[in-house]
Amino acid sequence: MKADSPASGAELRLFADWEAPADGPANMRRDRALLEEVAAGAPPALRLYRWSRPTLTLGHGQAAGDATDPEALTAFGVPWVRRPTGGRALLHLPDELTYAFAAPRGWATGVRAGYFRVMGSIWRALSRFVRLDPPPAGALPRDTASPRLPCHAVATGHEITARGRKLVAGAQRWRRGAFLQHGSIPWTVDRALTNTLAGLPADSPVDAVGLAELPALSPRDAPPSVEDVAIALEASFRRSPC
């Protein structure tokens, strides 16, 4: 991972790992390292990355047998890996951009403040390309849906949405006065595969949408590229003082 020096007075490290997609164990290992570095006193960091193959991640508290269909994982050749954060099973595709942001407690006073500050930065970046619903705010609702349902099948009301459908979610982990928040920004959503890997009927509702499935702000614009979104995310996080 190579960190760029801050472009302004804001002390933010950027890891442009999206240029070299990695597998699940490598990506989660790097996210854990990011949290450990910040907990040890390093400045806040934003890591943007991609996946070398479709991969399912499970929240750190999920049991694989409760959240997946092992036979389907084997049949489709989809590996799974455990995230350092919580949340539900999430299928990552090679065309998505995943974010990981780590900061000390001084950047946010707690889970709610950190969650919505990170989401606000992502919302500002993506609103340059597509029309979004208002940014999430308010209380973090409790997720009481069945553990079998994957992340993209459950709208909890605190993610970034477009036309009422989930676009960007996120999960957190706090450790020794620092926190990590990460999540995916999909270009497409493979609804049938998402459901099948969870042991659900392929045509079960999936309350999610990808960037490439949303109309651009201008009819003449094509969907943004990964590089476009990465540049916008960096600029938005740098505008949020660290």
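Report follows, based on the coordinates. It should be emphasised that the depicted structure is a prediction, and the values quoted were computed from it without experimental measurement. (Residues numbered from 1 in each chain as written. Predicted model: local features only at pLDDT ≥ 70, side-chain atom pairs only at ≥ 80, totals over all residues. Heavy atoms only, no water.)

1. Description of the packing of aromatic side chains
(1) Moving on: Under the definition given, this model contains 7 aromatic pairs.
(2) Moving on: Judged by centre distance (5.9 Å) and plane angle (50°), the rings of Tyr 49 and Trp 51 are tilted.
(3) Moving on: Aromatic rings pair up to connect Phe 101, Trp 107, Trp 174, Phe 179 and Phe 237 into one cluster.
(4) Moving on: The ring centre of Tyr 49 lies 3.7 Å from the NZ or CZ of Arg 47, which sits over that ring. (Phe/Tyr/Trp six-rings, centres within 6.5 Å; stacked < 30°, edge-to-face > 60°. Lys NZ or Arg CZ within 6 Å of the ring centre and 35° of its normal.)

2. Some details on the pattern of salt bridges
(1) Moving on: Inspection of the entire model under this criterion finds 8 salt bridges.
(2) Moving on: Two residues, Glu 159 and Lys 166, come together in a salt bridge whose shortest N-O distance is 3.5 Å. Of the two residues examined, Glu 159 and Lys 166, each falls in the buried class.
(3) Moving on: Among the ionic contacts, a cluster of salt bridges with common partners joins Asp 17, Asp 31 and Arg 47. (Salt bridge = Lys/Arg side-chain N within 4 Å of Asp/Glu carboxyl O. Buried < 20%, exposed > 50% of the residue type's maximum accessible area, 1.4 Å probe, protein only.)

3. Re the sheet that holds strand β4 (residues 55-58)
(1) Moving on: Strands sit in the order β5-β4-β6 across an open sheet of 3 strands; the sheet is mixed. Of all strands in the sheet, those bounded by a partner on one side alone are β5 (80-82) and β6 (90-92). Mean inter-strand twist for the sheet, computed between neighbouring axes without regard to direction, equals 30°.
(2) Moving on: Looking at chain direction, β4 and β6 are connected through 3 bridges and run antiparallel. Directly across from Thr 57, in β6, lies its bridge partner Leu 90.
(3) Moving on: Each of β4 and β5 is contacted by helix α1 (residues 24-39), which is oriented at about 15° to β5, the strand it contacts most. (Pairing = 2+ DSSP bridges. Helix = DSSP H or I, 4+ residues; strand = E, 2+ residues; numbered from the N terminus. Axes fitted to C-alpha atoms, helices over the stretch in contact; angles between N-to-C directions. Contact = heavy atoms within 4.5 Å.)

4. A short note on the side chain of Thr 57
(1) Moving on: Looking at the secondary structure, you find Thr 57 in strand β4.
(2) Moving on: Of the polar contacts made by the side chain of Thr 57, one reaches the side chain of His 92; its length is 2.8 Å.
(3) Moving on: When residues no more than four places from it in sequence are discounted, the contact partners of Thr 57 are Trp 51, Val 81, Arg 83, Arg 88, Ala 89, Leu 90 and His 92. (Polar contact = N/O pair within 3.5 Å; in protein donor to acceptor, adjacent residues only side chain to side chain.)

5. Brief notes about the environment of Asp 31
(1) Moving on: Here Asp 31 is to be found in helix α1.
(2) Moving on: Overall, the relative accessible area of 0% leaves Asp 31 in the buried class.
(3) Moving on: For the pair formed by Asp 31 and Ala 102, sequence separation is 71 residues and the distance between their alpha carbons is 8.7 Å.
(4) Moving on: Setting aside its immediate chain neighbours within four residues, Asp 31 contacts Arg 47, Tyr 49, Ala 100, Leu 180 and His 182.

6. Comments concerning α1
(1) Moving on: The end-to-end C-alpha distance of α1 is 23 Å, a good match for the 22 Å that 16 residues give at a rise of 1.5 Å each.
(2) Moving on: Restricting attention to buried positions, one finds in α1 the residues Gly 24, Ala 26, Asn 27, Met 28, Asp 31, Leu 34, Leu 35, Val 38 and Ala 39.
(3) Moving on: Its side-chain oxygen at 3.0 Å from the backbone nitrogen of Ala 26, Asp 23 defines the N-terminal cap of α1. (Expected span 1.5 Å × (residues − 1).)

7. Side note on the environment of Pro 215
(1) Moving on: Following the sequence through the fold, Pro 215 ends up in the loop between α5 (191-197) and α6 (226-239).
(2) Moving on: Overall, Pro 215 belongs to the partly exposed group, its relative accessible area being 42%.
(3) Moving on: Taking the C-alpha atoms as reference points, Pro 215 and Val 130, 85 residues apart in sequence, are found 6.5 Å from one another.
(4) Moving on: The contact partners of Pro 215, leaving out residues within four places of it in the chain, are Val 130 and Arg 163.

These results come straight from atomic positions and should not be treated as a statement about function.
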